[in-house]
Amino acid sequence: MGDIFLSETLGTMTLILLGNGVVANVLLSQSKGQNSGWIVITAGWGFGVFAGVAVALSVYPEGGAHINPAVTIGLATIGLTSWSDVPVYIAGQFVGAFVGAVLVWLAYSNHWSATEDPGLKLACYSTGPAIRNTTANVITEIIGTFALVFGVLALAGVSGEMGLIGAPLAVGVLVWGIGLSLGGPTGYAINPARD
């Protein structure tokens with residue numbers, strides 16, 4: 001159990017450090033990446049997922065490297081993860097997300113006060129809809145999360161042939177694709193530990 005917790009903590013921390021970090025880089029004032037756009041954000045999140053999954057697998061290869069409560073619950077629902085392990089996975093994910101968020105705050109410490117718009121600061125840590133319509137926004141997030149979990153399940157079927165680098169890379173590309181294709185309406189939260 002401790003291996004799962006440590007793996008998920010470090011993997012999710014890496015994901016959030018790079019994922020929220022790219023958003024901060026694009027949105028915060030006087031950053032080198034300021035205004036570099038949506039493509040940079042989606043690519044950064046894809047690379048963050050790649051790195052997070054790789055870190056989690058390097059700590060505990062048998063753990064699954066979920067780094068996302070939606071993935072954990074999805075895998076438990078179909079019997080690929082034991083329900084008794086779900087609290088350990090999710091606890092590690094939330095602790096890792098918190099630590100990753102603190103590291104982003106520290107890395108961009110000079111840019112928070114330089115950024116006047118509180119909405120841009122908030123966007124570094126949570127998503128928000130482009131057009132607020134609760135029903136449509138929930139539907140968008142359900143579709144995006146389904147695409148993530150369904151894609152991860154499809155990749156899990158071939159991951160043994162990919163090795164410890166190929167599987168994380170494939171999941172990172174999947175998240176990048178979800179962001180490019182479905183991220184416009186809501187910012188594609190698809191990870192409850194992130195927000």
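For the structure, check the block above.
The paragraphs below set out a description of the structure included in this document. Here the structure is a predicted model, which means the values were calculated and not measured. (Residues numbered from 1 in each chain as written. Predicted model: local features only at pLDDT ≥ 70, side-chain atom pairs only at ≥ 80, totals over all residues. Heavy atoms only, no water.)

When you go through the chain residue by residue, the secondary structure sums to eight helices and zero strands. Beginning at the N terminus, the succession of helices and strands in the chain can be written as α-α-α-α-α-α-α-α. Dimensions of the chain, computed from the C-alpha atoms along their principal axes, are close to 45 × 35 × 30 Å. A total of 195 residues make up the chain; the buried ones form 46% of that total. Sequence separation of at least 24 residues holds for 74% of the intrachain contacts in the chain that already meet a minimum separation of 6. Of the roughly 9,400 Å² that the chain leaves accessible, carbon and sulfur atoms contribute 69%. Placing the 4 positive and 9 negative side-chain charges of the chain at their respective mean positions leaves the two points 19 Å apart. (Helix = DSSP H or I, 4+ residues; strand = E, 2+ residues; numbered from the N terminus. Buried < 20%, exposed > 50% of the residue type's maximum accessible area, 1.4 Å probe, protein only. Contact = heavy atoms within 4.5 Å. Areas by Shrake-Rupley, 256 points an atom, 1.4 Å probe, with all protein chains shown as cover. Lys, Arg positive; Asp, Glu negative; His and termini not counted. Charge placed at Lys NZ, Arg CZ, Asp CG, Glu CD.)

Right, let's talk about the packing of aromatic side chains for a bit. Applying the stated criterion across every chain yields a total of four aromatic pairs. Measuring from centroid to centroid gives 5.9 Å for Trp-38 and Tyr-188, while their planes differ by 70°, and the two rings are edge-to-face. Separated by 150 residues along the polypeptide, Trp-38 in helix 2 (residues 38–59) and Tyr-188 in the segment after helix 8 (159–182) bring together distant segments of the chain. Using a relative accessible area of 7% as the deciding quantity, one classes Tyr-188 as buried. Centroid distance Phe-146 to Phe-150: 5.4 Å. Interplanar angle 15°. Geometry classified as stacked. Of the two residues, Phe-146 and Phe-150 both sit in helix 7 (residues 134–156), four residues apart, roughly one turn of that helix. Pair check on accessibility: Phe-146 and Phe-150 agree, each one exposed. (Phe/Tyr/Trp six-rings, centres within 6.5 Å; stacked < 30°, edge-to-face > 60°.)

Moving on, we get to the environment of Ala-51. Mapping Ala-51 onto the fold places it in helix 2. Residue Ala-51 is classed as buried on the basis of its relative accessible area of 19%. As a C-alpha pair, Ala-51 and Leu-18 span 33 residues in sequence and 8.5 Å in three-dimensional space. Contact partners of Ala-51, with chain neighbours within four places excluded, come to Thr-14 and Leu-18.

Mapped onto the fold, Glu-8 is located in helix 1 (residues 2–27). A distance of 2.9 Å separates polar atoms of two side chains, one belonging to Glu-8 and the other to Gln-93. (Polar contact = N/O pair within 3.5 Å; in protein donor to acceptor, adjacent residues only side chain to side chain.)

Okay, the side chain of Ser-31 next. With respect to the secondary-structure elements, Ser-31 resides in the loop between helix 1 and helix 2. Contact partners of Ser-31, with chain neighbours within four places excluded, come to Ala-24, Asn-25, Tyr-108 and His-111.

Looking now at the nonpolar core. Among the nonpolar cores identified, the biggest contains 32 residues, and Trp-45, Val-53 and Leu-148 are the most heavily contacted of them. Those elements giving two or more residues to this core turn out to be helix 1, helix 2, helix 3 (69–77), helix 4 (86–107), helix 7 and helix 8. Those residues in contact with Val-53 that lie beyond four places of it in its chain are Ala-65, Ile-67, Pro-168 and Val-171. (Core = buried A, V, L, I, M, F, W, Y, C linked by side-chain atoms within 4.5 Å.)

This brings us to the layout of surface pockets. Estimates place the volume of the largest pocket at around 930 Å³. Val-49, His-66, Ile-67, Leu-148 and Val-171 are, among the 48 residues lining the largest pocket, the residues nearest its centre. Of all the elements in the fold, those that place two or more residues in the lining of the largest pocket are helix 1, helix 2, helix 3, helix 6 (118–123), helix 7 and helix 8. The greatest single-element share of the lining of the largest pocket, amounting to eight residues, is contributed by helix 8. Broken down by class, the residue content of the lining of the largest pocket amounts to 31 nonpolar, 15 polar and two charged. (1 Å grid on protein atoms, 1.4 Å probe; cavity = no way out; pocket = protein on both sides within 12 Å on 5 of 7 lines; lining within 4 Å. Points joined across faces, edges and corners; volume = space filled by probe spheres on them. Nonpolar A, V, L, I, M, F, W, Y, C, P; charged D, E, K, R; others polar.)

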